[in-house]
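If you want the building blocks of each chain, they are given just below.
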Amino acid sequence: MCCAIEKREWGEAEIRAAMQRPRPGMAAQVTMAPRPRPFRPPEGSTPRQAGVLVLLYPVGGRLHLVFTVRPAHLDHHAGQVSFPGGGWEEGDASLAETALRETREELGIADEGIEMLGPLTPLYIPVSHNMVHPFVALAPRRPAFQPDPLEVAELLEVPLAMFRDPSIRGEDRMERDGLEVVIPYYAVRGHKIWGATAIILAEFLALLDS
């Protein structure tokens, strides 16, 4: 069953068409969000603005996504699987430029013909007090990755079609402050993609299937 599902590929034309449609927003985001989870910053606070890149590129005729596994020494989200990206800095003309600049720095790539296709819905990250703005981009070929070891412990390259397989979805349960927290995840190549990355990915996949 999984192999048949995985063969149903999304192509470049479908990605472009999807990015022209209305974003499903929170209705899709909540499907992979930990429960409970705040989606808005505390009243009166101003989160730091950040941009991340959902970068697609072909390998062997199949579109792939690249994720980073964060090093254990980082203050926030250590060891987690993330999209490349980071905080807005003075000199960034836009948050899309932030996402692209941070991706170049983390993954050690040039622009490589990367084409920005558009934004997804911004997402508040409570633990780091960031408002993350995801952007979808397409590269004409696999970039020549040279990841920065201070920011990237491992690259995780995944065929986009793998996320059609419902068997990779699971849930963990843990107790936090006396409450049970349910944490959905995608299990991919020995890693669990959860939290903000899974939430962003859930909206993108829902957009593709809309």
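Preceding this paragraph is the structure being described.
Here's a quick rundown of the structure. (Residues numbered from 1 in each chain as written. Predicted model: local features only at pLDDT ≥ 70, side-chain atom pairs only at ≥ 80, totals over all residues. Heavy atoms only, no water.)

Attention shifts here to the overall build of the protein. Each helix and strand counted, the protein has five helices and 11 strands in total. Its C-alpha radius of gyration of 16 Å places the protein within 12% of the 17 Å reference for a compact globule of 210 residues. Along the first, second and third principal axes, the C-alpha set of the protein runs to 50 × 45 × 35 Å. Classification of the 210 residues of the protein by burial places 50% in the buried group. Considering only intrachain contacts with a sequence separation of at least 6, the fraction spanning at least 24 residues in the protein is 69%. Of the roughly 10200 Å² that the protein leaves accessible, carbon and sulfur atoms contribute 53%. (Helix = DSSP H or I, 4+ residues; strand = E, 2+ residues; numbered from the N terminus. Rg over C-alpha atoms; globule rule 2.2 N^0.38 Å. Buried < 20%, exposed > 50% of the residue type's maximum accessible area, 1.4 Å probe, protein only. Contact = heavy atoms within 4.5 Å. Areas by Shrake-Rupley, 256 points an atom, 1.4 Å probe, with all protein chains shown as cover.)

Once that is clear, we can look at the packing of aromatic side chains. Scanning the entire structure with this criterion turns up four aromatic pairs. Ring plane angle 65 degrees and centroid distance 5.7 Å describe the contact between Tyr 57 and Phe 145, whose orientation is recorded as edge-to-face. Of this pair, Tyr 57 sits in strand S1 (residues 48-59) while Phe 145 sits in the loop between strand S7 (130-138) and strand S8 (154-159), placing them 88 residues apart in sequence. Of the two residues examined, Tyr 57 and Phe 145, each falls in the buried class. With 5.4 Å between their ring centres and 90 degrees between their planes, Phe 163 and Tyr 186 make a pair best called edge-to-face. Taken together, the residues span a long stretch of sequence, with Phe 163 in the loop between S8 and strand S9 (169-176) and Tyr 186 in strand S10 (residues 179-188) at a distance of 23 residues. Among the aromatic residues, those joined into a cluster by ring pairs are Phe 67, Phe 83, Phe 163 and Tyr 186. (Phe/Tyr/Trp six-rings, centres within 6.5 Å; stacked < 30°, edge-to-face > 60°.)

Pairing is antiparallel across the open sheet formed by three strands, whose spatial order is S9-S10-S11. Only two strands of the sheet have a single partner each, and these edge strands are S9 and strand S11 (191-194). The average angle at which neighbouring strand axes cross in this sheet is 45 degrees, direction not considered. Alignment of S9 against S10, held across eight bridges, turns out to be antiparallel. Following the sheet pairing, Met 174 is matched in S10 by Val 181. Docked against the sheet, helix H5 (residues 195-208) engages S10 and S11, running at close to 70 degrees with respect to S11. (Pairing = 2+ DSSP bridges. Axes fitted to C-alpha atoms, helices over the stretch in contact; angles between N-to-C directions.)

Leaving glycine out, the prevailing phi sign among residues is negative, and the prevailing peptide bond configuration is trans. Omega for the peptide link from Arg 35 to Pro 36 comes to 0 degrees, which places this bond in the cis form. Tracing the backbone shows Pro 36 in the loop between helix H3 (26-29) and S1. One non-glycine residue, His 129, adopts positive backbone phi at about 55 degrees. Secondary-structure assignment places His 129 in the loop between strand S6 (123-125) and S7. The partly exposed category is assigned to His 129, whose relative accessible area is 27%. Although it is not a glycine, Arg 189 sits at a positive phi angle of roughly 50 degrees. Positionally, Arg 189 belongs in the loop between S10 and S11.

Counting residues in each nonpolar core, the largest one holds 42 residues, and the members touching the most others are Ile 15, Phe 67, Leu 160, Phe 163, Tyr 186, Ile 193 and Phe 204. Elements represented by at least two residues in this core include exactly helix H2 (12-18), S1, strand S2 (62-69), S6, S7, S8, S10 and H5. Leave out the neighbours within four places in its chain, and Ile 15 touches Trp 10, Leu 56, Leu 63, Leu 117, Leu 160, Phe 204 and Leu 208. If you look at the next biggest cluster of nonpolar residues, it comprises 14 residues, including Leu 55, Leu 107, Ala 137 and Ala 139. (Core = buried A, V, L, I, M, F, W, Y, C linked by side-chain atoms within 4.5 Å.)

What follows is about the pattern of salt bridges. Per the counting criterion, the structure on display carries 13 salt bridges. What you see here is one network of salt bridges that share partners, running through Glu 89, Asp 92, Arg 101, Glu 102 and Glu 105. (Salt bridge = Lys/Arg side-chain N within 4 Å of Asp/Glu carboxyl O.)

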